[in-house]
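Below are the chains, spelled out letter by letter.
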Amino acid sequence: MYSSIIEIDNILISSDIVSECFVCDYEKCKGACCIIGDSGAPVKEEETEKLEANYPHYQDLMTPAGKARIDEVGFFEVDNDGDIVTPLIGNSEECAYTFFENGNCFCAIERAFCNGECNWRKPISCRLYPIRVSTMSNGMIALNLHRWDICKCAFEKGKKEGVPVYKFLKDTLIEHFGEEFYSALDSAAALINSSARS
């Protein structure tokens, strides 16, 4: 499907972020996004300090292998593309910051945050998924929809419940880009979706 571009200030947003639907279906995926992938989750440079500063609050939730990996490489690493990412355990695809309960995968950082033990939730790349944020050579920010086979059930659930991607991520988008940005995006979505129905 053809995707157009929405421009708000210095941010370019792929229109499929407002036209396609998404709701995490944890009952089916069991947190697979934390243990499957070619590299760790993208980490912004300013987030590397937060990973280290909050480590005492969530390290006890991590697996022994995860903690050993942090001891070995540090709180982040640089992947083959030159991007800062969370460390993966050994030769596996498992993020060092995960832990497991009853066969389900969870983020140790987010669990500590939800328990009130940590003042940082987790990298913004994780919180904004399936939106990927990138900075272009001209300084503009691009928001694109990332499609991953393991999240097929989330796209299906979102479509069934009628929840567009941007509405599923409303709180995180507002926190990261502001109320005015979200309001403008919501207005653009109304125009795009009304045109699609006519």
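No experiment lies behind these values; they were computed from the predicted model shown. All chains use their own residue numbering, which begins from 1 and follows the written sequence. Note on the predicted model: pLDDT of at least 70 is required for a residue's local features to be given, and 80 or more for side-chain atom pairs to be given and counted; whole-chain, interface and lining totals, by contrast, use all residues. Side-chain calculation: all heavy atoms of the structure are included, whereas hydrogens and water are not.

Participant: For the overall build of the protein, give the residues involved together with the corresponding values.
Facilitator: Numbering of helices and strands runs from the N terminus; a helix is a DSSP stretch of H or I covering at least four residues, while a strand is a stretch of E covering at least two. Regarding its fold elements, the protein presents 11 helices and eight strands. In this description the radius of gyration comes from C-alpha coordinates, and the expected globular size is given by 2.2 Å times residues to the power 0.38. Taking 2.2 N^0.38 as the reference for a compact globule, 198 residues should give roughly 16 Å; the C-alpha atoms of the protein span a radius of gyration of 18 Å, in line with that estimate. Projecting the C-alpha coordinates of the protein onto the three principal axes gives extents of approximately 55 × 40 × 35 Å. Scored against the burial criterion, the 198 residues of the protein give a buried share of 44%. Residue contacts are counted whenever heavy atoms from the two residues lie within 4.5 Å of one another. Here the analysis covers contacts within the protein between residues at least 6 apart in sequence; of these, 62% occur between residues at least 24 apart. Surface accessibility in these figures is a Shrake-Rupley result with a 1.4 Å probe; residues are shielded only by whichever protein chains are displayed. Entry remark: accessible area of the protein is about 11,200 Å², with carbon and sulfur atoms responsible for 48%. Remark: exposure states derive from per-residue accessible area (1.4 Å probe, protein chains only) relative to the maximum for the residue type, with buried under 20%, exposed over 50%, and partly exposed in between.

Participant: Help me get a handle on the pattern of salt bridges, residues and values and all.
Facilitator: Only one rule defines a salt bridge in this text: a Lys or Arg side-chain nitrogen within 4 Å of an Asp or Glu carboxyl oxygen. The tally for this structure, following the rule as stated, stands at nine salt bridges. The network of salt bridges with shared partners includes Asp16, Glu20 and Arg147.

Participant: Tell me what's going on with the side chain of Glu47, and back it up with residues and numbers.
Facilitator: The residue Glu47 is located in helix H3 (residues 47-53) in this model. Put simply, Glu47 is tucked away with no salt bridge, and the nearest opposite charge, on Lys50, sits 6.0 Å away. We call two N or O atoms a polar contact when they sit within 3.5 Å, provided that within protein one can donate a hydrogen and the other can accept it, with sequence-adjacent residues counted only if both atoms are side-chain atoms. At a separation of 2.8 Å, a polar atom in the side chain of Glu47 contacts the main-chain amide nitrogen of Ile124. Dropping the residues within four chain positions of it, Glu47 is found in contact with Pro42, Trp120, Lys122, Pro123 and Ile124. Only four residue types enter the tally: Lys and Arg on the positive side, Asp and Glu on the negative side; His and the chain ends are excluded.

Participant: How would you sum up unusual backbone geometry? Please name residues and give values.
Facilitator: In this model, Tyr129 is joined to Pro130 through a cis peptide bond whose omega is 15°. Backbone geometry at Asp9 places phi at a positive 55°, although glycine is not the residue there. With respect to the helices, strands and loops of the structure, Asp9 is situated in the loop between strand E1 (5-8) and strand E2 (11-14).

Participant: Which residues make up the packing of aromatic side chains, and what values go with them?
Facilitator: Here the aromatic set is Phe, Tyr and Trp, taking the six-membered ring for Trp, and pairing holds for ring centres within 6.5 Å; pairs whose planes are under 30 degrees apart are stacked, those over 60 apart are edge-to-face, and all others are tilted. Tallied over the full model, the rule gives 10 aromatic pairs. Arranged with centres 5.6 Å apart and planes meeting at 35°, the rings of Tyr166 and Tyr182 form a pair that is tilted. Of the two residues, Tyr166 sits in helix H9 (residues 165-168) while Tyr182 sits in helix H11 (residues 179-197), which places them 16 residues apart along the sequence. The two residues Tyr166 and Tyr182 agree in class, both being buried. Both rings, one in Phe177 and one in Phe181, keep their centres 5.0 Å apart while their planes meet at 40°; by these two values the pair is tilted. Across this residue pair, the class does not change: Phe177 and Phe181 are buried.

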